[in-house]
Amino acid sequence: MVIKVFLASSSGSTAIKKKQQDVVGFLEALKVDYAQLDIACNEENRMWMRQNVPEEKKPANGIPLPPQIFNEESYCGDYDTFFDAKEDNLVYSFLGLPPPPGSKEAVQADKADIVENGTHAEETNAEGNLDDSIEVPVEERNGDAHSKEELAQAADEEDEGEGGEEEEGEVAEGETADDEATEEETAGDEAPAEEEEAVEETDEAHAEEEEEQEEADDDREEEDLQSEEEEELRQLEEEEEAEVQEEEEEDLEETQEEEAE
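Cut-offs used in this document
- Residues numbered from 1 in each chain as written.
- Predicted model: local features only at pLDDT ≥ 70, side-chain atom pairs only at ≥ 80, totals over all residues.
- Heavy atoms only, no water.
- 1 Å grid on protein atoms, 1.4 Å probe; cavity = no way out; pocket = protein on both sides within 12 Å on 5 of 7 lines; lining within 4 Å.
- Points joined across faces, edges and corners; volume = space filled by probe spheres on them.
- Helix = DSSP H or I, 4+ residues; strand = E, 2+ residues; numbered from the N terminus.
- Nonpolar A, V, L, I, M, F, W, Y, C, P; charged D, E, K, R; others polar.
- Phe/Tyr/Trp six-rings, centres within 6.5 Å; stacked < 30°, edge-to-face > 60°.
- Buried < 20%, exposed > 50% of the residue type's maximum accessible area, 1.4 Å probe, protein only.
- Lys NZ or Arg CZ within 6 Å of the ring centre and 35° of its normal.
- Arc of directions from axis to C-beta.
- Polar contact = N/O pair within 3.5 Å; in protein donor to acceptor, adjacent residues only side chain to side chain.
- Pairing = 2+ DSSP bridges.
- Axes fitted to C-alpha atoms, helices over the stretch in contact; angles between N-to-C directions.
- Contact = heavy atoms within 4.5 Å.
- Salt bridge = Lys/Arg side-chain N within 4 Å of Asp/Glu carboxyl O.

## Concerning the layout of surface pockets
Taken as a whole, the largest pocket holds about 490 Å³ of empty space. Lining the largest pocket we find 26 residues, and of these Lys19, Leu65, Asp78, Asp80 and Glu222 sit closest to its centre. In terms of residue count, helix H8 (residues 162–260) provides more of the lining of the largest pocket than any other element does, six residues in total. Grouping the constituent residues of the lining of the largest pocket by class yields eleven nonpolar, four polar and eleven charged. Where the lining of the second largest pocket is concerned, the elements lending two or more residues are helix H1 (14–29) and H8. Of the residues in the lining of the second largest pocket, the class split is one nonpolar, one polar and six charged.

## Some thoughts on the packing of aromatic side chains
Both the distance between ring centres and the angle between the ring planes are used here to describe each pair of aromatic rings. Applying the stated criterion across every chain, the model contains seven aromatic pairs. With a centroid separation of 5.4 Å and an interplanar angle of 10 degrees, the aromatic rings of Phe6 and Trp48 are classed as stacked. Of this pair, Phe6 sits in strand S1 (residues 3–7) while Trp48 sits in helix H2 (residues 43–52), placing them 42 residues apart in sequence. Assessed through its relative accessible area of 1%, Phe6 is described here as buried. A residue is classified by how much of its surface remains accessible, and Trp48, at 24% relative accessible area, is partly exposed. Measuring from ring centre to ring centre gives 5.4 Å for Phe6 and Phe70, while their planes differ by 75 degrees; the resulting arrangement is edge-to-face. A residue pair is termed long-range when its members are at least 10 positions apart, and Phe6 in strand S1 and Phe70 in strand S3 (residues 68–71) qualify at 64 residues. A residue is classified by how much of its surface remains accessible, and Phe70, at 0% relative accessible area, is buried. By way of ring pairs, the aromatic residues Phe6, Trp48, Phe70 and Tyr75 are connected into one cluster. In this structure, Lys4 is placed above the aromatic ring of Trp48, and the distance from its NZ or CZ to the ring centre is 5.0 Å. The ring of Phe26 carries Lys86 above its face, with NZ or CZ at 5.1 Å from the centroid.

## Quick word on H2
For H2, the set of buried residues is Asn45, Arg46, Met49 and Arg50. Along the axis of H2, the buried residues cluster in a sector spanning 125 degrees; they form a single face. Opposite the buried face of H2, by more than 90 degrees, sit the exposed residues Glu44 and Gln51. Taking the backbone nitrogen of Glu44 as reference, a side-chain oxygen 2.9 Å away marks Asn42 as the first, capping residue of H2.

## Focus on the sheet that holds S1
Hydrogen bonds between backbone groups are what pair the strands of a sheet, and the pairing can be parallel or antiparallel. Taken together, the four strands give an open sheet; going across it, the order is S2-S1-S3-S4, and neighbouring strands pair in mixed fashion. The two strands at the open ends of the sheet, each matched to only one other strand, are strand S2 (34–38) and strand S4 (74–78). Each neighbouring strand pair of the sheet contributes to a mean axis angle of 25 degrees, computed without reference to strand direction. Here S1 runs beside S3; their pairing, made up of four bridges, is antiparallel. Its bridge partner being in S3, Phe6 is matched across the sheet by Gln68.

## As for the side chain of Asn45
By the secondary structure assignment, Asn45 is in helix H2. Among all residues touching Asn45, those that are not within four sequence positions of it are Phe6, Leu37, Asp38 and Ile39.

## As for unusual backbone geometry
Keep in mind that most residues, glycine aside, have a negative phi and that most peptide bonds are trans. For the peptide bond that leads from Pro66 to Pro67, omega is 0 degrees, which places it in the cis range. Of note, Pro67 is situated in the loop between H2 and S3. Of note in the backbone geometry, Glu72 takes a positive phi value of approximately 55 degrees without being a glycine. Structurally, Glu72 is set in the loop between S3 and S4. When its relative accessible area of 32% is taken as the criterion, Glu72 is described as partly exposed.

## Details of the pattern of salt bridges
Counted by the stated rule, this structure contains four salt bridges. Here Arg46 and Glu43 are joined by a salt bridge, their closest N and O atoms 3.3 Å apart. One end of the pair is Arg46 and the other is Glu43, both in helix H2 and three residues apart, which spans about a single turn. In this structure, Glu55 and Lys58 form a salt bridge, with 3.2 Å as the shortest nitrogen-oxygen distance. Taking relative accessible area as the criterion, Lys58 reaches 18% and is therefore assigned buried.

Just geometry here; none of it tells us what the structure is for.
What follows is the structure, given as structure tokens:
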């Protein structure tokens, strides 16, 4: 299986160049074999990529932008889905490849399999069966949660009588005083907490503004790239028309010369 990454080597968009570098750099870091296919210098690569990206994955204008990732003929996704898989440690699943043993994704898959099967690895023996060597208290096996020591302790508490009640009254008064002191300390901490919440809300607002600005820049760069592609297609059509016109003129001249002869 060969991973195919469709790129635009001569793209004028900084955002697209960065996305392409991120994908290629991460695949090289994972030592994943892949092939780069340029759509800027090869019209066949461009047409193949556009035809094989699923319709539901294409943008509103119907023109998918690089980088686009395939596993042989099977579509994997674009940069956004690749980034999400990288954040979730699911890049090998995204690429349709088995994760190497010992990798984060392999360990995560093993844990998911354990939870799905309802068996914990630490409770199994070498043969894969539940380990019966873990001792269970006799009281729990018999359904009796009270031991002899607990029963004896309960009897001693009943013998204490009124003396115990007086001690409880003193403890209750001490606890009330402690609660009042705690409430005063809590009231003093409320103001700094409110200030911290206000700062966090301000930071979140700034972060949202930055994200909106980045999205606007990306949209503008994508529009520029699409305009460049449309301009290239228009130039190709004009060149083809010019060649056809030249051939027609040459044919007309030859016809006139033959008639003159």
